[in-house]
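What follows is the residue order along each chain.
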Amino acid sequence: MGPPKVAIVGASAAGLIAAYNLAKNGVPVEVLEAQKDFEPLERTLIVTCAIESLIDFDFSETILNDIKNFRLISKNRKVDIPLSKADLVIERRNFLRLLYTKAQEEGVRIFLGRRVRRVDRYENFVKVTCEVDGNLEEIVADYAIMANGVQGLDFHRPCTTVGISQARVDLPKNTDKSTVHVWFDPSTTRFFYWLIPESNESAVLGVIGQSKKEAERLLITFMNKNGMRPRMWQNSEDVPLPTLKKSRVSLGDGRILLAGDSAAQVKATTVGGLVTGLKGGISASYIILRRKDSRDLLRSLEKELLIHTIVRGILDMFNETDYDLLIKIINKRLLSLFERVTRDELSKMSFKIFLSQPKLFGLLLRVFMRKIFSQWRQKGKLSRGRDVLPIDLV
Ligand SMILES: Cc1cc2nc3c(=O)[nH]c(=O)nc-3n(C[C@H](O)[C@H](O)[C@H](O)COP(=O)(O)OP(=O)(O)OC[C@H]3O[C@@H](n4cnc5c(N)ncnc54)[C@H](O)[C@@H]3O)c2cc1C
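Trainee: Mind showing me how you'd approach the overall build of the protein here?
Mentor: Regarding its fold elements, the protein presents 9 helices and 18 strands. Each principal axis of the C-alpha atoms in the protein carries an extent, and together these give about 70 × 50 × 40 Å. Sequence separation of at least 24 residues holds for 68% of the intrachain contacts in the protein that already meet a minimum separation of 6. With the model as given, the accessible surface of the protein reaches about 19300 Å², and the carbon-plus-sulfur share is 50%. Of the side-chain charges in the protein, 61 are positive and 47 negative, and the distance between the mean point of each set is 7 Å.

Trainee: For this particular structure, what's the right way to read the confidence of the model for the protein?
Mentor: Do not read the fine detail of predicted coordinates wherever pLDDT is low. A residue-level look at the protein finds 93% of positions with pLDDT of 70 or above and a mean pLDDT of 90. Every residue in residues 385–394 is under pLDDT 50, and counting partners more than four places away or in other chains gives 17 contacts.

Trainee: Could you clarify how one ought to interpret a nonpolar patch on the surface in this entry?
Mentor: On the surface, Tyr 122, Phe 125 and Val 140 cluster together to form a nonpolar patch covering roughly 240 Å² of accessible area. As for its placement among the helices and strands, Val 140 is situated in strand E9 (residues 135–141). Relative accessible area serves as the criterion here: at 45%, Val 140 is assigned to the partly exposed category.

Trainee: Looking at this model, I keep getting lost on the sheet that holds E9. Mind explaining?
Mentor: Backbone hydrogen bonds hold the strands of a sheet together, and the pairing may be parallel or antiparallel. The 3 strands are arranged E7-E8-E9 in an open sheet whose pairing can be described as antiparallel. Both outer strands of the open sheet, strand E7 (115–121) and E9, are each paired with one neighbouring strand and no more. Each strand axis lies, on average, 20° off the axis of its neighbour in the sheet, ignoring direction. Bridging between E7 and strand E8 (residues 126–132) involves 6 bridges; their strand directions are antiparallel. Counted as the bridge partner of Val 116 is Cys 130 from E8.

Trainee: Even after reading the chapter, I still don't get the environment of Thr 189, so can you show me in this structure?
Mentor: Checked against the element boundaries, Thr 189 lands in the loop between strand E12 (179–183) and strand E13 (193–197). By relative accessible area, which is 4% here, Thr 189 ends up buried. Linking Thr 189 and Val 207, residues 18 residues apart in sequence, is a C-alpha distance of 8.4 Å. When near neighbours in sequence (up to four residues on either side) are disregarded, Thr 189 contacts Val 207, Ile 208, Gly 209 and Leu 218. Within the structure, the side chain of Thr 189 is placed 2.9 Å from the backbone nitrogen of Phe 191, a separation counted as a polar contact. Of note is the side chain of Thr 189, whose polar atom sits 2.8 Å from the backbone oxygen of Ile 208.

Trainee: Quick question: what am I supposed to make of the packing of aromatic side chains here?
Mentor: Given two aromatic rings, their pairing is described by the distance between the two centres and the angle made by the two planes. Taken as a whole and assessed by the stated rule, the structure comprises 12 aromatic pairs. Among the aromatic residues, those joined into a cluster by ring pairs are Phe 184, Phe 192, Trp 194, Phe 318 and Tyr 323. A cation over an aromatic ring shows up here: Arg 255 above the ring of Tyr 143, its NZ or CZ 5.2 Å from the ring centre. It is Arg 291 that lies over the ring of Tyr 286; its NZ or CZ is 3.8 Å from the centre.

Trainee: Quick question: what am I supposed to make of the site of the ligand here?
Mentor: Close contacts around the ligand come from 31 residues, with Ser 12, Glu 33, Arg 43, Ile 46 and Asp 261 the closest. One of the side-chain nitrogen or oxygen atoms of Ser 12 is found 2.6 Å away from an oxygen atom of the ligand. Summarising the interface, the protein chains cover 91% of the accessible area of the ligand, which totals 1000 Å² for the free molecule. Those elements that provide at least two residues to the shell around the ligand are helix H1 (13–24), strand E3 (44–47) and E7. At 3 residues, the largest contribution of residues to the shell around the ligand is made by E3. Along the lines of polarity and charge, the residues of the shell around the ligand split into 14 nonpolar, 11 polar and 6 charged.

What counts as what
- Note on numbering: residues in each chain are counted from 1, in written sequence order.
- For this predicted model, a pLDDT threshold of at least 70 governs which residues receive local features, and a threshold of 80 or more governs which side-chain atom pairs are given and counted, while totals over whole chains, interfaces and linings are taken from all residues.
- No hydrogens and no water enter the side-chain calculation; it runs on all heavy atoms of the structure.
- Secondary structure elements follow DSSP: runs of H or I of four or more residues count as helices, runs of E of two or more count as strands, with numbering from the N terminus.
- Residue contacts are counted whenever heavy atoms from the two residues lie within 4.5 Å of one another.
- Accessible areas in this description were obtained via Shrake-Rupley with a 1.4 Å probe; residue shielding takes into account the shown protein chains only.
- This count recognises Lys and Arg as positive and Asp and Glu as negative, with His and chain-terminal groups excluded.
- Each charge is placed at NZ for Lys, CZ for Arg, CG for Asp and CD for Glu.
- The predictor rates its confidence in each residue with pLDDT, a number between 0 and 100.
- The residues that make up patches have over 30% relative accessible area and no salt bridge, and they are joined within 9 Å when like-charged or within 5 Å when they are Val, Leu, Ile, Met, Phe, Trp or Tyr.
- By definition here, a salt bridge exists when the distance from a side-chain nitrogen of Lys or Arg to a carboxyl oxygen of Asp or Glu is within 4 Å.
- Each residue is placed in one exposure class: buried if its accessible area under a 1.4 Å probe, protein chains only, is under 20% of its type's maximum, exposed if it is over 50%, and partly exposed if it falls in between.
- A pair of strands is labelled paired if DSSP reports no fewer than 2 bridges between them.
- Note on geometry: axes are lines fitted to C-alpha atoms, helical ones only across the stretch in contact, with angles between N-to-C directions running from 0 to 180 degrees.
- Distance and chemistry together define a polar contact, namely a pair of N or O atoms within 3.5 Å, with one atom able to donate a hydrogen and the other to accept it when in protein, and with adjacent residues in sequence counting only for side-chain atoms on both sides.
- Whether two aromatic rings pair depends on their centres lying within 6.5 Å, for rings of Phe, Tyr and Trp, where Trp uses its six-membered ring; planes under 30 degrees apart make the pair stacked, over 60 edge-to-face, and the rest tilted.
- To sit over a ring, a charge needs its Lys NZ or Arg CZ within 6 Å of the ring centre and within 35 degrees of the ring normal.
- Only a single heavy atom is needed: when it lies within 4 Å of a molecule or strand, its residue is near that molecule or strand.
- Ten residues, namely Ala, Val, Leu, Ile, Met, Phe, Trp, Tyr, Cys and Pro, are considered nonpolar, four, namely Asp, Glu, Lys and Arg, are considered charged, and the remaining ones, Gly among them, are considered polar.

This is the structure:
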């Protein structure tokens, strides 16, 4: 019996890395991509150095800039968080083009203009039905990997999505090109605004909102307030936001696997999905290759995503004062922890974070108690009129 044949839906980060990995291990792979031309949207992404452990070829040509410092800004405070290992600012289109070429070099067959309409599971195979120029075509394979982004969410679970708006702007004067700025303003968004420098001349300014429309509106207001002008918009479809409900990574007894945004493999804290999507794609390929460590990689990814989802749930309750307090209590011990691990390794340090700064417990207590008080108040169990807690726990 020869190696299994795999059909992959979606030629983007998660699908192409899975295809590349499988083909490298001698598995025949066909990738079906809905777009007629391979022209991924131009988008500036920031990723941690964790990406280097996932890609086994040189991708330096796709790197625009190195980030060595994060400046977190709340209403009344700010703090600098230096990184010992630089984050990378990557141009998505070039990165995907490179991945596409590498996959083809390994023998992956990529078919453009194939919009997959159905994936059916039979006893020993899957049947993928796609639309080509108005006609339906069927492909039979041993496994299918759904890596079709946010659209894939419809296949298997009710999805929560949020909108991102991002625009290229001139790098503001006196701004260091290796520092990312992050603004927390819970009066406008439960997420944050960012400025990611691409070079000495340009940066991308972005925000996450409840929907794409809301994010666009917030970004325009922010730009007007700060005298910035968009040089180019990098908006896109909505992005998935994982919930505590566990996302499925396989359907139909494991014959249909899910990877990337279609499996909501996105960090809920930052809505960053490149590194986690690549990990998801690699995990799917390991499962098909029956590698012993396939479940370990998936489990560590799921654990990581869960922690980000919990942190997101907590941050969603923060008000302006909470962010001020959070920034105030970032001490040297916390900074040295942040220096040692990346945002893609939060599970490695979640306990250490609390041990390094016990005041974080106080902050959490403050946030939870306010939530409970407000719920009681809504239920009419508490008299109205008191807006702040009687104790400042931090
Ligand atoms: C503005 C913006 C900024 C972002 N910034 C960052 C960042 O800084 N860092 C970070 O890590 N992440 C960031 N992200 C998220 C990151 O880009 C995504 O998580 C990641 O690209 C998802 O990759 P994917 O392969 O899972 O899906 P996608 O890139 O969405 O690819 C899905 C592919 O499937 C194809 N497809 C869809 N339906 C079908 C079908 N029925 N048949 C065939 N093909 C189909 C699509 O055409 C597409 O090519 C950002 C997202 C946005 C929108």
